[in-house]
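# Examination of the molecular architecture
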Protein chains: 2
Amino acid sequence: MGITDRKLRQKEEVRASILDTAWEMVVTEGWQSFSIRKIADAIEYSVPVIYSHFENKDAILLEFNRKGFQLLNEALAKAKAATDIPAEQIRAMGRAYWDFAFQNKEYYQLMFGLGIPTCETVNKIPAIASFSDTIISTLVAMVAPGRKPSFDPFLKYQSFWSMLHGLVSINMSALGNRPDAPSGHEHANLPLQVLGDVMCSFIRGIEAQENEQPN
Amino acid sequence: MGITDRKLRQKEEVRASILDTAWEMVVTEGWQSFSIRKIADAIEYSVPVIYSHFENKDAILLEFNRKGFQLLNEALAKAKAATDIPAEQIRAMGRAYWDFAFQNKEYYQLMFGLGIPTCETVNKIPAIASFSDTIISTLVAMVAPGRKPSFDPFLKYQSFWSMLHGLVSINMSALGNRPDAPSGHEHANLPLQVLGDVMCSFIRGIEAQENEQPN
DNA sequence: AATTTTGCCTAACGGTGTTACAAAAAGTAA
DNA sequence: TTACTTTTTGTAACACCGTTAGGCAAAATT
């Protein structure tokens, strides 16, 4: 059946153009101008056509969420693969997380900034689980097997991620600016210094715990 | 002129009722039902009356932002005053920050979650500067005067705050849940453990740096 | 060629923030 | 008390938003 094929293909094209157009609008005009009506206008279809491809607005956002976590996972995997030393992997992943956030502000804002993800949302995005897996497995590899009396990988994973997310979101807002702000480009790369500082104390914290005596 | 006084008093009453009613609605129904029209309905005035007290919706939010930072500052100051040991002050303030966030979710969501604060917003809220001052002064007190070769208080302040904010925002969303999630209340207080973990490595990081050799 | 199915659009519903303008109330002066 | 002025308030509109019901026309099927 060639006709059915062509129809499926065309339907898929419209779906893709919805996503593409919507994303282009978000990147150029920000999330505040993400609107079903504007998308419909841009793709030169009427509004209900969009609803024949997506249940509602959130369904489109969910799609972008998926894509975002997929991209983030790829970035982390790539950073991790660059070395074999677990501590270096952690450091590289921290940097990759940072870079992803600032090279894809719109994704990051959607994934972690805008609507606080609900449980359902999390369950709909398997890539979130993959994200935590990548980090946790590296953390486990960091402590030599056997002597880790009070080491909880999930706890350390949350610490790691919390530090990164806090750092990113503060620096993405105006809250990260130095209050005195003297001439201008004096501490232009302070955020990266903070990142390094935070990663150092995190890694040192784990290594210190590793040398702990079993009780 | 008693009449002018009474008018001012009445005007102030309406203004207060706008804020009170709006806040009550936010607390009971969440931020998504924060609407000028609903407020007008609740205070039994027409919509334009609200615009005679506030320039627009954002002006009302700004007011809540002010109040939120004021409350946060009070909580931090109280925690700080409980001890004289700087490291303990930092620890107490971290805990106070955490408690504030979860005892005032709506405030926290407004202050750090919803709209990413712009530079203008930050400048309109002097309490934000006071927030950073409180923390930075404690950090400065932590390192013995004289031997602190590479100690940047603002950098440490950002680290401190980043960790706290990341921790809070992750645990306020569904992203902080353990993926396996066995029976239910097994690791109910894991977040507090993570908080303690993060604070420990932060304080240890500063103390380690204090023992650094000047170069 | 007649009929069913499909795809699409118009137009509406109920909601939002914001504002122009008119009516009503309150204060002031004669 | 009456006439005038100022202030306060409400009505109704504008321009958006997400979402959906219903009908029309083209396409596919019989």
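One structure accompanies this document, and this report is about it.

Conventions and cut-offs
Residues numbered from 1 in each chain as written. Chains lettered and ligands numbered in written order. Predicted model: local features only at pLDDT ≥ 70, side-chain atom pairs only at ≥ 80, totals over all residues. Heavy atoms only, no water. Near = heavy atom within 4 Å. Polar contact = N/O pair within 3.5 Å; in protein donor to acceptor, adjacent residues only side chain to side chain. Helix = DSSP H or I, 4+ residues; strand = E, 2+ residues; numbered from the N terminus. Nonpolar A, V, L, I, M, F, W, Y, C, P; charged D, E, K, R; others polar. Axes fitted to C-alpha atoms, helices over the stretch in contact; angles between N-to-C directions. Parallel < 35°, antiparallel > 145°, perpendicular 65-115°, else oblique. Contact = heavy atoms within 4.5 Å. Buried area = accessible area lost by both parts, 1.4 Å probe. Salt bridge = Lys/Arg side-chain N within 4 Å of Asp/Glu carboxyl O. Buried < 20%, exposed > 50% of the residue type's maximum accessible area, 1.4 Å probe, protein only. Lys, Arg positive; Asp, Glu negative; His and termini not counted. Least-squares fit on C-alpha atoms with pLDDT ≥ 70 in both.

Around DNA strand C there are 18 residues in total, and Ser46 of chain A together with Arg6, Ile36, Arg37 and Tyr51 of chain B lie nearest to it. Among the atoms of DNA strand C close to the protein, meaning within 4 Å, 51% are from sugar or phosphate groups. Contact distances for DNA strand C include 2.4 Å between a base nitrogen and a side-chain N or O atom of Arg37 of chain B. One nitrogen or oxygen atom from the side chain of Tyr51 of chain B is found 2.7 Å from a phosphate oxygen belonging to DNA strand C.

Lining the immediate environment of DNA strand D, one finds 19 residues, of which Arg37, Val47, Tyr51 and Lys57 of chain A together with Ser46 of chain B sit closest. Within 4 Å of the protein, the atoms of DNA strand D are drawn from sugar and phosphate moieties in a proportion of 51%. The backbone of Ile36 of chain A places a nitrogen or oxygen atom 3.1 Å from a phosphate oxygen of DNA strand D. Between DNA strand D and the protein, one listed contact pairs a phosphate oxygen with a backbone N or O atom of Ser46 of chain B at 2.8 Å. Of all the secondary-structure elements, those providing two or more residues to the surface near DNA strand D are helix 1 (2-29), helix 2 (36-43) and helix 3 (47-51) of chain A together with helix 3 (47-51) of chain B. A class-by-class count of the residues in the surface near DNA strand D yields nine nonpolar, three polar and seven charged.

Attention now moves to the packing of helix 5 (residues 86-103) of chain A against helix 6 (residues 105-113) of chain A. Two quantities define a packed helix pair, namely the angle between the axes and the distance from one axis to the other. All names here are of chain A. Put simply, helix 5 and helix 6 touch, their axes get as near as 5 Å, and they point 105° apart. Taken together, the axes of helix 5 and helix 6 are roughly perpendicular relative to one another. Residues Tyr97, Phe100, Ala101, Phe102 and Gln103 of helix 5 form the contact with helix 6, whose own contacting residues are Lys105, Tyr107, Tyr108, Met111 and Phe112. Of the residues that constitute the contact of helix 5 with helix 6, the class distribution is eight nonpolar, one polar and one charged.

Turning our eyes to something else, we now look at the interface of chain A and chain B. Taken together, the contact between chain A and chain B spans 41 residues of the former and 41 residues of the latter. Among the residues chain A hides against chain B, the three largest losses belong to Phe154, Gln158 and Leu175 of chain A. Together they make up 18% of the total. For the pair chain A and chain B, the interface holds two salt bridges. Between Lys156 of chain B and Asp197 of chain A there is a salt bridge, and its shortest N-O distance comes to 2.7 Å. When contributions to the side of chain A that touches chain B are tallied by element, the ones reaching two or more residues are helix 6, helix 7 (119-124), helix 9 (153-172) and helix 10 (190-210) of chain A. Residue composition of the side of chain A that touches chain B, by class: 20 nonpolar, 16 polar and five charged.

With respect to the helices and strands, Lys80 of chain A occurs in helix 4 (residues 57-81). Of the buried charged residues, Lys80 of chain A lacks a salt bridge, with Asp84 of chain A as the closest side chain of opposite charge at 9.6 Å.

Next up on the list: the environment of Phe151 of chain A. Residue and element names in this part refer to chain A. Relative to the assigned elements, Phe151 resides in the loop between helix 8 (126-142) and helix 9. Here Phe151 falls in the buried class, since its relative accessible area comes to 14%. Residues Phe151 and Ala101, 50 residues apart in the sequence, show an inter-C-alpha distance of 29 Å.

These two copies of the chain differ by a rotation about an axis and a displacement along the same axis. Placing chain A over chain B gives an RMSD of 0.1 Å and needs a rotation angle of 180°, together with 0.0 Å of translation along the axis. Considering both components of the superposition, the chain copies are consistent with a two-fold axis. With an isologous cut-off of 70% or more, the 100% of interface residues of chain A that recur at the interface of chain B puts this contact in the isologous class.

Within the structure shown, the criterion is met by 10 salt bridges over all chains. Across the pair Glu63 of chain B and Arg15 of chain B runs a salt bridge, and its minimum N-O distance is 3.6 Å. Pair noted here: Glu63 of chain B is in helix 4 (residues 57-81) and Arg15 of chain B is in helix 1 (residues 2-29), with a separation of 48 residues, a long-range link. We classify Arg15 of chain B as partly exposed; its relative accessible area is 22%. One connected set of salt bridges, linked through shared partners, spans Arg15, Glu63 and Arg66 of chain A.

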